[in-house]
Amino acid sequence: MTASIRPLVAGNWKMNGLSSDLAELKEMAAGFEDASGGAADGLICTPATLIERAVRAVDGTALAIGGEDCHANETGAHTGDVSAEMIADCGASHVIVGHSERRTDHAETDEMVAEKAKAVWRGGLVAIICIGETEAQRKANETLDVLAQQIAGSVPDSANAENSVVAYEPVWAIGTGLTPTANDVAEAHAHIRERLIERLGDNGKTVRILYGGSVKPSNADELMAVENVNGALIGGASLKAADFLGIAKTYRG
Ligand code: PGA
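Now for a look at the structure at hand. These numbers were taken from a predicted model, which means no experiment stands behind them.

### Some details on the nonpolar core
Piece 1. Formed by 63 residues in total, the largest nonpolar core has its most connected members in L25, L63, I192, L196, Y211 and F244.
Piece 2. Here this core takes six residues from helix α1 (residues 22-36), the largest share from any one element.
Piece 3. If sequence neighbours within four positions are ignored, L25 has contacts with W13, I44, A54, A57, V58, L63 and I65.
Piece 4. With 12 residues, the next largest nonpolar core counts L8, I96, C130 and V165 among its residues.

### Considerations on the side chain of Q150
Piece 1. Mapped onto the secondary structure, Q150 falls in helix α7 (residues 143-154).
Piece 2. Discounting residues that sit within four places of it in the chain, Q150 has contacts with R103, D110, I131, G132 and V155.

### Quick notes on the pattern of salt bridges
In a structure, side chains of opposite charge can pair up when their charged atoms sit close to one another.
Piece 1. All told, the structure shown has 17 salt bridges when counted by the stated rule.
Piece 2. We note a salt bridge from E108 to R102, for which the minimum N-O separation is 3.0 Å. Per residue, the accessibility class of E108 equals that of R102, and both read buried.
Piece 3. Where salt bridges share partners, they join D69, R102, E108 and K116 into one cluster.

### As for the environment of L22
Piece 1. Considering the arrangement of structural elements, one finds L22 in helix α1.
Piece 2. Taking the C-alpha atoms as reference, L22 lies 25 Å from S218; in sequence the two are 196 residues apart.
Piece 3. For L22, the contacting residues outside a window of four places in its chain are L50, R53, A54 and A57.

### As for unusual backbone geometry
Piece 1. A positive phi angle, near 55 degrees, is found at K14, a position not held by glycine.
Piece 2. Along the chain, K14 falls in the loop between β1 (8-12) and α1.
Piece 3. For A107, which is not glycine, the phi torsion reads 50 degrees and is therefore positive.
Piece 4. With respect to the element layout, A107 can be found in the loop between α4 (100-105) and α5 (110-122).
Piece 5. We classify A107 as exposed; its relative accessible area is 54%.

### Focus: the site of the ligand
Piece 1. Close contacts around the ligand come from 13 residues, with K14, H99, E169, G175 and S214 the closest.
Piece 2. Separating an oxygen atom of the ligand from a side-chain N or O atom of K14 is a distance of 2.7 Å.
Piece 3. The separation between an oxygen atom of the ligand and a polar side-chain atom of E169 is 2.6 Å.
Piece 4. The fraction of the free accessible surface of the ligand (280 Å²) that becomes covered by protein chains is 95%.
Piece 5. Tallied by class, residues from the shell around the ligand come to four nonpolar, seven polar and two charged.

### Section: the pairing of strand β7 (residues 208-212)
Piece 1. Counted residue by residue, β7 has five buried out of five residues, so it is predominantly covered.
Piece 2. Bridge count for strand β6 (residues 164-168) against β7 is four bridges, and the pairing is parallel. Note on β7: the bridge partner recorded for V165 is R208.
Piece 3. Read from β6 through helix α8 (residues 182-200) to β7, the crossover connection turns out right-handed.
Piece 4. Taken together, the two bridges between β7 and strand β8 (residues 231-234) define a ladder with parallel strand orientation.

Analysis parameters
Residues numbered from 1 in each chain as written. Predicted model: local features only at pLDDT ≥ 70, side-chain atom pairs only at ≥ 80, totals over all residues. Heavy atoms only, no water. Core = buried A, V, L, I, M, F, W, Y, C linked by side-chain atoms within 4.5 Å. Buried < 20%, exposed > 50% of the residue type's maximum accessible area, 1.4 Å probe, protein only. Helix = DSSP H or I, 4+ residues; strand = E, 2+ residues; numbered from the N terminus. Contact = heavy atoms within 4.5 Å. Salt bridge = Lys/Arg side-chain N within 4 Å of Asp/Glu carboxyl O. Near = heavy atom within 4 Å. Polar contact = N/O pair within 3.5 Å; in protein donor to acceptor, adjacent residues only side chain to side chain. Areas by Shrake-Rupley, 256 points an atom, 1.4 Å probe, with all protein chains shown as cover. Nonpolar A, V, L, I, M, F, W, Y, C, P; charged D, E, K, R; others polar. Pairing = 2+ DSSP bridges. Right-handed = clockwise from strand over helix to strand, strands pointing away.

In structure tokens, the structure reads:
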């Protein structure tokens, strides 16, 4: 089933990135096609302040640019927020919604994440919907239940492979250097696939499911080879071209 899904190698720059980092981005863009052997799509999600310049920096290459969050509304009295339409206006193609840092720092609920995903679609963009269990939930053996709940709450009914990507990011693996075992990743991704099919029917078969959490060149081969892992969402290792391209190389075959 996964063989027919084109993988996505996506970076999340989080609150990092100034004009001076555009050279690094250009290096990623210039090298992506070669690194991935043309066998994967490439995306870097940047802070809102950098999106427009990032889009210009990667123009004419295989790398796309996304945002990291958006407000659920199109316009209005929401000081400091940006809408999906604004992100689209900058030339981006994707927006991450429901990242665990947003869920924690801004108390975003599944319901809010679903509203944001719909806002991303309204803006004509692809939503990368993040889910994942905390360390306490994993220790309490609640991982699969938590994922089912988050899918039920955060993934809107009309999600499909064209408008959405799901990213599984165990919260305890983000930025820690820790990763689940390949078996644990396989179990989580199979469960996510089943829940998506239950919820979305045939559309659930082709939605990409990314793994995220401490992906780096040294573990990408093992993690990306797992059944139902259709690419990666990469934080720290997406800031350096050598690391990001090193991960993309796993698809060159
Ligand atoms: P990390 O972050 O690769 O630095 O663990 C992943 C993410 O938060 O998307």
